[in-house]
Structure formats: structure tokens, C-alpha cells
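Fold and contact review
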Amino acid sequence: VLVRDLITLIRNSPKRLAWFQQFQRKDAQSLRPLCPTRWTLKADSLQSIASNYSAIIEFFEDLCRCDKESVNAALQRSQLHLQKAAAMIETLKKDIQHLRENGFEEFWKNTTAAADELNLERPAIPRPRKIPRRLDTGGASPHVFQSPEAMHRQQYNETMDTATSSLDCRFSQTAFKHMQDVEDFVTGKGDCKTILRFYGDDLDESRLRLHRDMCIDIAKQRGVQLNTFQEVVGFLKGDTGDSLRTMVPELTKLVKLALTAPVTSCTSERSFSGLRRLKTYLRSRMGQGRLNHIAILNCHKNMSRNEHLDLIADEFIKRTATRRNTFLLKN
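Below is a summary of the structure that appears in this document. In this numbering scheme, every chain counts its residues from 1 along its sequence in written order. Side-chain atom pairs in this predicted model are given and counted only at pLDDT of 80 or more, local residue features only at pLDDT of at least 70, and totals for whole chains, interfaces and linings cover all residues. To get the side-chain values, all heavy atoms of the structure are used, and hydrogens and water are removed first.

Here a strand is any run of E in DSSP of at least two residues, a helix any run of H or I of at least four, and the numbering for each starts at the N terminus. With respect to the secondary-structure elements, His178 resides in helix H9 (residues 174–186). When accessible area is computed with a 1.4 Å probe and restricted to protein chains, residues below 20% of their type maximum are described as buried, those above 50% as exposed, and intermediate ones as partly exposed. Exposure remark for His178: the relative accessible area of 8% places this residue in the buried category.

Attention shifts here to the environment of Ile57. Here Ile57 is to be found in helix H4 (residues 53–65). A relative accessible area of 35% places Ile57 in the partly exposed class. Distance from Ile57 to Phe23, taken between C-alpha atoms, is 9.3 Å for residues 34 residues apart in sequence.

Topologically, Thr187 is positioned in the loop between H9 and helix H10 (193–199). In the analysis that follows, any N or O atom pair within 3.5 Å is treated as a polar contact, provided that within protein one partner can donate a hydrogen and the other can accept it, and provided that, for residues neighboring in sequence, both atoms belong to side chains. Within the local environment of Thr187, its side chain forms a polar contact with the backbone oxygen of Glu183, the two atoms lying 2.6 Å apart. Reaching out from Thr187, the side chain makes a polar contact with the backbone oxygen of Asp184 at a distance of 3.3 Å.

By salt bridge we mean one thing: a side-chain nitrogen of Lys or Arg within 4 Å of a carboxyl oxygen of Asp or Glu. Taken as a whole and assessed by the stated rule, the structure comprises 14 salt bridges. In this structure, Asp168 and Lys93 form a salt bridge, with 2.6 Å as the shortest nitrogen-oxygen distance. Of this pair, Asp168 sits in helix H8 (residues 148–171) while Lys93 sits in helix H6 (residues 82–102), placing them 75 residues apart in sequence. You can call Asp168 partly exposed: its relative accessible area is 29%. Between Arg245 and Asp242 there is a salt bridge, with its nearest N and O atoms 3.5 Å apart. Of this pair, Arg245 and Asp242 both sit in helix H13 (residues 242–247), three residues apart, roughly one helical turn. Three or more residues joined by partner-sharing salt bridges are found here, namely Asp191, Lys193, Glu205 and Arg209.

The contact between helix H11 (residues 205–221) and helix H14 (residues 249–259) brings their axes to 7 Å, and the two run at 95°. What the angle tells us is that H11 and H14 run roughly perpendicular. For the pair H11 and H14, contact is made by Arg207, Leu208, His211, Arg212 and Cys215 and by Pro249, Glu250, Leu251 and Leu254, respectively. All residues other than Ala, Val, Leu, Ile, Met, Phe, Trp, Tyr, Cys, Pro, Asp, Glu, Lys and Arg, Gly among them, are scored as polar; the first ten of these are nonpolar and the last four charged. Among the residues making up the contact of H11 with H14, the classes are represented as five nonpolar, one polar and three charged. Between the N-to-C directions of two axes lies an angle of 0 to 180 degrees, each axis being a line fitted to C-alpha atoms and, for a helix, fitted only over the stretch in contact. Orientation categories follow fixed angle ranges, with anything under 35 degrees roughly parallel, anything over 145 roughly antiparallel, 65 to 115 roughly perpendicular, and all other angles oblique. Contacts are assigned to residue pairs with any non-hydrogen atoms lying within 4.5 Å of each other.

Across the interface, H9 lies against H14 with an axial gap of 11 Å and an inter-helix angle of 155°. Taken together, the axes of H9 and H14 lie roughly antiparallel to each other. Where H9 crosses over H14, the two elements pack in a sense that is left-handed. Contacts from Met179, Val182, Phe185 and Val186 in H9 reach Leu251, Leu254 and Ala258 in H14. Looking at the contact of H9 with H14 residue by residue, the classes come out as seven nonpolar, no polar and no charged. Helix crossings get a hand from a simple test, with the near helix turned counterclockwise from the far one by less than a right angle marking a left-handed crossing and a clockwise turn marking a right-handed one.

This is the structure in C-alpha cells:
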């Protein structure tokens, strides 16, 4: 079973198959799928594995080193587990810090070795640019690195620091922590104190706790596991959750409020295509307040279309004397 899964992992993905071919010898036999019934095909499959054994080992070692990409894929899923996402981010930050402290030597060794194999020039320190006389302020001369390795070490460390600071900036926001608290509460693993402090009088504490417990009990009776915020949303939405939303209105209100946060899933972050129609290049000087108001009107277009535009225009004209002198009131 293990051999079959390994071959399937490589063959079923064109990306992984092309990746594997980078380690494979040109005269090596291609990987054959393992047939569970026919022994002749089994022998061919095992023989293809034996002839590519070293390439398979190198491929999986490289796959483990590049496993950080799975974090990016996990964070891009529509069904995002916020607690697991926070744990993955913390692990990734520790991995980056470890690479910063101990990974440059191996990186430099592999890079220079690859340059030698390809007959490329070894890294060198670029010549310092001569400052024009009109721009020369007479200050200290620019820093000169003692070796190419020292120059690239600094660039390597700057790259690692930039990655770490970007993760801190993106995932250490108050909204992300708030959504973690919401997910803990709606799945029965946390309290609602911080949630109530955030929403104030919008939610009633006793009713919110009661409706949360009712929702979890009903889910257990139906054999549904509620481990993530997205699973709670799926349990409440649609025609099947219509009666449940009527029974637990306070919990439904909390879920609706939480869904407005863009960190709920990457789907909401991809839902800003309307901004390209609202804030075009011709109206790029629009202020943030006006943009927010127009965005609200765009989101609730069904309600805004029912408003009487003549009355709104008259109210807008009456606010200043200049408008009253310029425009004609309808009513």
C-alpha cells in the first residue's frame, strides 16, 4: 500500500511528476503504477521503483524542504480553520527564524556548487557607483563588503526578516484574534467575554450562550461535527438550517456579524471586485468615507433601489446655499 501511494502521489500530479523528472536520470525507467492483482505488472512497478530509488529519495527530501508551500495552500482554502491557521503561522515563523540563524551556510554552499556545475561566474561584489559631484554631500563613504558571501548573507537575512515581519503584520491583527475567539465560542471551546466587549450591546450574553449550547446539542443529535467556524456556517445556512436559524437568532446574529470580517476565509478577500467598478481610475481621488458609503449602497443595492431619488436629491441640495442657487428643487 505504501509503494502504491508513493507512486500515485508522484504520477497523479503533473507538477509533482515534472518535479520528479528533475531528479531522474535520462536513461532511467519511468514510474509504473502498482497493480494490486496482476503480478507481472507488480514486478514492473517494483523494478521501476528500484531503478529510480535514489531519485525518489531526493524528490521526497526536496518535497519536505518545500513543505512550507502547503501553509500557503491551507490559508487559501475557503474552509479555513482559524486555530490551525494560527498554529501553522507560528510554526512557519519558527522555521524561518531557524533558517535565518543556521541556513545560510548550506544555501551558499549549494548555490556556489550549482554555479560551478553550470560553468557560471561565481558571485562577486559589484563595483560601487561613483557619486556625481553635484550629489556628493561629503558624508561617509558607502559600506563596502569584505566578500561576496558577506554581501549575500545580509541580503539573505533581510529576506528572512521581511518574511517574518509580513507574517506578523498580516496575521497578528486584532480582527484575526477576534475571529479566533468567535470560532472557539461557536464550536463550544471558549467563552464569549471578549466577543461581547467587541460588539457591545449588539448581543445579549445569556441568550447568546443559550443559543450556542442549543446549536451544539442539535448538531450532536444529527451527528454533525462542529470544529470550525465554517462548519457552523454550513450547519446554519440554506433551507435545512432555516428552522434552526429561527430557534437560535442570537447565534445567527453573531455569525452574520463575524462573516463581515475579511479574515473569515479567503473567499471574502476575493469578493472585492465591486471596488474596481466603484473606485475607477477617473475617480481615484475619492475619499475613504465616501468610498465606504458607496460600497454600502452597492452591497445593499436591493434596498437602495427602493429609495426615492428625488427626495434624496432635494435633501442634498437644501444643505448649502450654493446648491440651492445652482440646482432646482423637485418638490
